[in-house]
Amino acid sequence: MRKIFFLFFIALSVVVSAQQLTVEKIMKDPKWMGTSPTNISWTWDSKSVFFLWNPDKNISDSFYIFSLGSKEPVKLKYNEAQLFAAINNGVYNTDFSQIAYSYHGDLFLLDIKSAKTFRITQTEEQETNPKFILKDEWISFNRNQNLFAWNIKTGFTQQLTNFVKTAEPPAVPAFTGNRGSGQRGNNPTTAATVNNQQEEWLKQNQLFTSDVIKLRKNKKDQRDAFLKSVKEPDTLKNISIGDKILQSVQISPDGRFVTYRLYTAPTNAKTVLVHDFVTESGFTADLPNRTKVGAPLGKYEFCVYDKLKDTVLFVSSDSIPGITDQPDYVKDYPQKFANKKPVVRPVIFYTTLWNESGTAAIVDIRSQDNKDRWIMQLDAATGKLKLADRQHDSAWIGGPGISYGARLGWINDQVFYFQSEATGHSHLYTYNISTSAKTQITKGKYEVQDVWLSRSKQNFYLVTNEEHPGKQNFYKIKTDGSSKEKITSRTGGYEVSISPDEKNIAYRYSYITKPWELFIQENASNKKSVQITNKAQSDEFKSYAWRDTKIFTFTARDGEPVHAKLYEPKKGTKNNAAVIFVHGAGYLQNVHYWFSSYFREQMFNNLLADQGYTVLDIDYRGSAGYGRDWRTGIYRFMGGKDLNDEVDAAKYLVKELGIDSTRIGMYGGSYGGFMTLMAMFTAPDVFKAGAALRPVTDWAHYNHGYTSNILNEPFNDSISYARSSPINFANGLKNHLLICHGMVDLNVNFQDAVRLNQRLIELGKDNWQLAVYPVEDHGFIEPSSWTDEYKRILKLFDTWLGK
């Protein structure tokens, strides 16, 4: 009996100990929590699912495979997994009977019915991007930036393009001098052009002074003309690209047209150097990084090579509707822009998509200021463009299925589909090129977050958040918008992979308190799913009662509902202090019913609640999941409406939950760190203490792609930067601030923290600390760094908020 009691006592002690959260525990290597599967894919025969997983807690994940009807996943050998992944990334022919794919730089053809594989190439060069063309009789592919084609029946390989780096010869002024005069044309020229003119003059003068040389040249010219006239028809045209970078080379299904993009990099754009102080060599190292917002941008050109006519056409963007429109913000700078003549805005031709027969193509075009997206029909024979859909946003173009990597494709030879925020939320549309009819397929105050077209091209598969902004489900709907069918039913989040035969779906599913696991389900409504993995929660992780956080809305000062989730202390432990956590990235959603990507912060918030703190996490203005107006609510003023939402959250805590208004803190990383600085500097009477982790301190020093969307460019819209950059408001610091930053941060550079550090010194502030992490990038890796950082945060709150 004593032995039984002793064993029970030990077991109880282990459980109690496991339920006590500490910073050291939650910031350990995440493997202690368990392991979730990732990168879910089906095999080509629809019989198995393969994925990355680490149930044995090895250094890194490995590929596993689960076959339908089997009992458990089996670990794959590395080369097997690589082959499955290569086939999965391959392309089908029209009737889905063959797959062409690239594996270790060579091309292969898989016949699905016989399951036989044919090798197409075996070279030292890299062959990539296979595509079926010419009624599926040929497979085109890329090699050394040129297009080739392989005939499936004969095995014959033909080169289709010959891009060369040589520049086109410069135009040379005609010889104008008299014999012996030494005169040249006086056109303004560069030094290089002067030399070319000088050499041409000497050449012309030599011909003028020697009849023998002139005769020889005439004979050579006649021979060259004769050889050109009898040139074999299959001789490739040299397509000169000069010193430009060749991109996105592809051929039309009928094999006639080759489209490609040329990129000219800016020559005068300075890049940041990040200094690495703790290195293996013992010497400091400089890590090349990025430019800053407003730096000169590269130039893009879009071209069509007509193989039938053997001509190259440059596709002009000058006549695109609205191409010279000025942005709305120029009204704030009348002296600078009032008399400025309209200019053609530079654009990027992102994607060219041909219909199946090769009779029509659409091009996805974006303005470089990202205020316009045009989907246009391309007449490849003439290079002319015709508008199908223009999406304009006075802030910036974005949203699910619309940002780069947009969902766009053909349903048949006349109709294509795309997504747009025209109604305020990202929805699915179709466009008929024959009738110019645009049809909205999905409608409502929700977002279509993912789209697939069925093989039959009769249905779409969708992931939407139509039941609640923080709940996802998977649906099937006909391409005309009818017969919508809900396939999944759990409350939470889904990452779905559809089997090639579309009979089953595999998906990662998670809930607030339950990390991601893998499930398989028949692809129809009211079907029971089968759980395949069960290692996402270790016994140690499950031993703690993680809070099923309350998700609700409160009303902001402008009447808008703000979604929030609440971590509440247990009864009798509330200390009347509160902490607001601010998620990063800006455009990200964290108030939802699936397991958070901020799992460390989620655990830390539970720890804070265990110690009596009330913790609130909101999806402030600029967050994802709520439509266009919410997404762009921070345009031209970061730290405006988004910070107002946080301040209103603090007021909610005081009014509705009885929190002491003098004991509210805030913490967050990246954009959350920026928000913490703005809160501490511009709302100092609301927040007693704040921890700003890897924060942007001056938006003029961040990257171009993200920042210019929201604040435009510093030299054009200085007002936006002046009111959005914390460093300009540092004098407002009254309370207690902790700044933490990795020194090799390649995203928000450590320079941001250093510059703010100097500014606070100059202002005579003494209520702040800076903790630096010499081996950490933007996202910390080392458990020791995570632990040190969050122990400092906890100490900050306990010191200034706790009682």
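Quantities reported herein were computed from a predicted structural model and do not represent experimental measurements. (Residues numbered from 1 in each chain as written. Predicted model: local features only at pLDDT ≥ 70, side-chain atom pairs only at ≥ 80, totals over all residues. Heavy atoms only, no water.)

### Let's talk about the overall build of the chain
Thought 1: Along the chain, the regular secondary structure elements total 15 helices and 44 strands.
Thought 2: The principal-axis extent of the C-alpha atoms belonging to the chain is close to 115 × 70 × 60 Å.
Thought 3: Buried positions account for 52% of the 803 residues belonging to the chain.
Thought 4: Taking all contacts inside the chain whose residues are at least 6 apart in sequence as the whole, residues at least 24 apart take part in 56%.
Thought 5: Just so you have it, the chain exposes about 38600 Å², and 51% of that area is on carbon and sulfur atoms.
Thought 6: Considering the chain, the positive charge centre built from 96 side chains and the negative charge centre built from 86 side chains are found 1 Å apart. (Helix = DSSP H or I, 4+ residues; strand = E, 2+ residues; numbered from the N terminus. Buried < 20%, exposed > 50% of the residue type's maximum accessible area, 1.4 Å probe, protein only. Contact = heavy atoms within 4.5 Å. Areas by Shrake-Rupley, 256 points an atom, 1.4 Å probe, with all protein chains shown as cover. Lys, Arg positive; Asp, Glu negative; His and termini not counted. Charge placed at Lys NZ, Arg CZ, Asp CG, Glu CD.)

### What to know about the packing of aromatic side chains
Thought 1: One pass over the structure, following the stated rule, counts 50 aromatic pairs.
Thought 2: Ring centres 6.3 Å apart and planes at 70° place the aromatic pair tyrosine 333 and phenylalanine 337 in the edge-to-face group.
Thought 3: By relative accessible area, which is 7% here, phenylalanine 337 ends up buried.
Thought 4: The ring of tyrosine 350 has arginine 366 sitting right over it, with the charged end atom 6.0 Å from the ring centre.
Thought 5: The side chain of arginine 490 reaches across the aromatic face of tyrosine 509, ending 5.4 Å from its centre. (Phe/Tyr/Trp six-rings, centres within 6.5 Å; stacked < 30°, edge-to-face > 60°. Lys NZ or Arg CZ within 6 Å of the ring centre and 35° of its normal.)

### Details of unusual backbone geometry
Thought 1: The phi torsion at phenylalanine 96 lies on the positive side, around 60°, for a residue other than glycine.
Thought 2: Here phenylalanine 96 is to be found in the loop between β5 (91–92) and β6 (98–103).

### Some remarks on the confidence of the model for the chain
Thought 1: Across the chain, the average pLDDT comes to 92, with 93% of residues at 70 or higher.
Thought 2: Note on residues 1–18: pLDDT is under 50 here. Beyond four places in sequence and across chains, it has 2 contacts.
Thought 3: Note on residues 169–194: pLDDT is under 50 here. Beyond four places in sequence and across chains, it has 19 contacts. (pLDDT = per-residue confidence, 0-100.)

### Re helix α14 (residues 750–762)
Thought 1: Across its 13 residues, α14 extends 19 Å between first and last C-alpha, which sits within 8% of the 18 Å expected from 1.5 Å per residue.
Thought 2: Along α14, the residues that are buried comprise Phe750, Asp752, Ala753, Leu756, Asn757 and Leu760. Projected onto a plane normal to the axis of α14, the buried residues spread over an arc of 150° and lie on a single side.
Thought 3: Of the surrounding elements, those touching the buried residues of α14 are α11 (671–682), β43 (736–742) and β44 (768–773).
Thought 4: Looking one or two residues beyond α14, the residue adopting positive phi is glycine 764, at roughly 75°. (Expected span 1.5 Å × (residues − 1). Arc of directions from axis to C-beta.)

### What about the pattern of salt bridges?
Thought 1: The full count for this structure, using the stated rule, is 38 salt bridges.
Thought 2: Note that aspartate 389 is salt-bridged to lysine 438, the shortest N-O span being 2.7 Å. With aspartate 389 in strand β24 (residues 384–392) and lysine 438 in strand β28 (residues 437–440), the pair connects residues that are 49 residues apart, well separated along the chain.
Thought 3: The class for aspartate 389 is buried, based on a relative accessible area of 4%.
Thought 4: The salt bridge partner of lysine 734 is aspartate 685, with a shortest N-O separation of 3.4 Å. With lysine 734 in the loop between α13 (718–724) and β43 and aspartate 685 in the loop between α11 and β42 (689–693), this residue pair connects regions lying 49 residues apart in the sequence. Grouping residues by exposure puts lysine 734 and aspartate 685 together as exposed.
Thought 5: The network of salt bridges with common partners includes Asp325, Arg345, Asp369, Asp372 and Arg390. (Salt bridge = Lys/Arg side-chain N within 4 Å of Asp/Glu carboxyl O.)

### A closer look at the sheet that holds strand β10 (residues 138–143)
Thought 1: Within the open sheet, the 4 strands sit side by side as β9-β10-β11-β12. Their pairing is antiparallel. Looking along the sheet, the strands with just one partner apiece sit at the ends: β9 (127–133) and β12 (157–159). Across the sheet, the axes of successive neighbouring strands diverge by a mean angle of 25°, strand direction being ignored.
Thought 2: Where β10 meets strand β11 (residues 146–151), 6 bridges bridge the pair, whose relative direction is antiparallel. The residue of β11 that forms the bridge with isoleucine 139 is tryptophan 150. (Pairing = 2+ DSSP bridges. Axes fitted to C-alpha atoms, helices over the stretch in contact; angles between N-to-C directions.)

### Some thoughts on the pairing of strand β17 (residues 273–276)
Thought 1: Residue alternation in β17 divides its side chains into a buried set, Val274 and Asp276, and an unburied set, Leu273 and His275.
Thought 2: Relative to strand β18 (residues 285–288), β17 runs antiparallel, the two being bridged by 4 bridges. Among the inter-strand pairings, leucine 273 is bridged to a residue of β18, identified as proline 288.

### A word on the side chain of serine 529
Thought 1: With respect to the element layout, serine 529 can be found in the loop between β35 (514–522) and β36 (530–531).
Thought 2: Serine 529 gets classed as buried once you look at its relative accessible area, which sits at 13%.
Thought 3: A distance of 3.0 Å separates a polar atom in the side chain of serine 529 from a polar atom in the side chain of arginine 490.
Thought 4: Setting aside anything within four residues of it in sequence, one finds serine 529 in contact with Arg490, Tyr507, Phe519, Ile520 and Gln521. (Polar contact = N/O pair within 3.5 Å; in protein donor to acceptor, adjacent residues only side chain to side chain.)

### Looking at the packing of helix α8 (residues 599–610) against helix α15 (residues 783–800)
Pairs of packed helices are described in terms of their axes, by the angle between the two and the distance that separates them.
Thought 1: The geometry of α8 relative to α15 is characterised by a closest axis approach of 12 Å and an angle of 35° between their N-to-C directions. The element α8 and its partner α15 pack so that their crossing is right-handed. Here Arg600, Glu601, Phe604, Leu607 and Leu608 of α8 lie close against α15, whose contacting residues are Trp786, Tyr790, Ile793, Leu794 and Phe797.
Thought 2: In the contact of α8 with α15, the residues fall into 8 nonpolar, no polar and 2 charged. (Left-handed = near helix turned anticlockwise from the far one by under 90°. Nonpolar A, V, L, I, M, F, W, Y, C, P; charged D, E, K, R; others polar.)

### What about the environment of glutamate 24?
Thought 1: Along the chain, glutamate 24 turns up in helix α2 (residues 23–26).
Thought 2: For the pair glutamate 24 and aspartate 788, spaced 764 residues apart in the sequence, the C-alpha separation amounts to 8.7 Å.
Thought 3: Here glutamate 24 is in contact with Thr787 and Lys791, once residues within four sequence places are set aside.
Thought 4: In this structure the side chain of glutamate 24 is engaged in a polar contact, spanning 3.5 Å, whose partner is the side chain of lysine 791.

### Some thoughts on a nonpolar patch on the surface
Thought 1: On the surface, Phe277, Val278 and Val775 cluster together to form a nonpolar patch covering roughly 280 Å² of accessible area.
Thought 2: Look at phenylalanine 277 and you get partly exposed, because its relative accessible area is 49%. (Patch = residues over 30% accessible without salt bridge, like charges linked within 9 Å, V, L, I, M, F, W, Y side chains within 5 Å.)

### Re the sheet that holds strand β1 (residues 38–42)
Hydrogen bonds between backbone atoms are what pair the strands of a sheet, whose relative direction is either parallel or antiparallel.
Thought 1: Overall, antiparallel pairing links the 4 strands, which are arranged β1-β2-β3-β4 in an open sheet. Pairing within the sheet leaves two strands with one partner each, and these edge strands are β1 and β4 (74–75).
Thought 2: Strand direction decides the pairing type here: β1 and strand β2 (residues 48–53), joined by 3 bridges, are antiparallel. Counted as the bridge partner of serine 41 is phenylalanine 50 from β2.

### Describing the nonpolar core
Side chains of nonpolar character tend, in soluble globular proteins, to be buried together.
Thought 1: Grouped together as the largest cluster of nonpolar side chains are 77 residues, with contacts concentrated most on Phe474, Val496, Ile580, Leu616, Phe687, Trp699 and Leu737.
Thought 2: The biggest single contributor to this core is α11, with 8 residues.
Thought 3: Excluding anything up to four places from it in sequence, leucine 737 contacts Leu677, Met680, Phe681, Gly690, Ala692, Asn767, Trp768 and Gln769.
Thought 4: Formed by 41 residues, the second largest nonpolar core is a distinct cluster that contains Ala691, Ala771, Tyr790 and Leu796. (Core = buried A, V, L, I, M, F, W, Y, C linked by side-chain atoms within 4.5 Å.)

### Observations regarding the environment of glutamine 458
Thought 1: With respect to the helices and strands, glutamine 458 occurs in the loop between β29 (448–453) and β30 (459–468).
Thought 2: Through-space distance from the C-alpha of glutamine 458 to that of proline 469 is 28 Å; in sequence the pair is 11 residues apart.
Thought 3: Ignoring any residue separated from it by four or fewer positions in sequence, one finds glutamine 458 in contact with Lys478 and Thr479.

### Digging into the pairing of β28
Thought 1: Sheet topology note: the strand β27 (residues 427–432)/β28 ladder contains 4 bridges and is antiparallel. Note that in β28 the partner of threonine 430 across the bridge is threonine 439.

### Description of the packing of helix α10 (residues 641–657) against α11
Thought 1: In the contact formed by α10 and α11, the axes pass within 10 Å of each other and the chain directions differ by 70°. When the interaxial angle is binned, α10 and α11 end up roughly perpendicular. Every residue of α11 that contacts α10 at Asp642, Leu643 and Glu646 is listed here: Tyr671, Phe674, Met675, Met678, Ala679 and Thr682.
Thought 2: In terms of residue class, the contact of α10 with α11 is made up of 6 nonpolar, 1 polar and 2 charged. (Parallel < 35°, antiparallel > 145°, perpendicular 65-115°, else oblique.)

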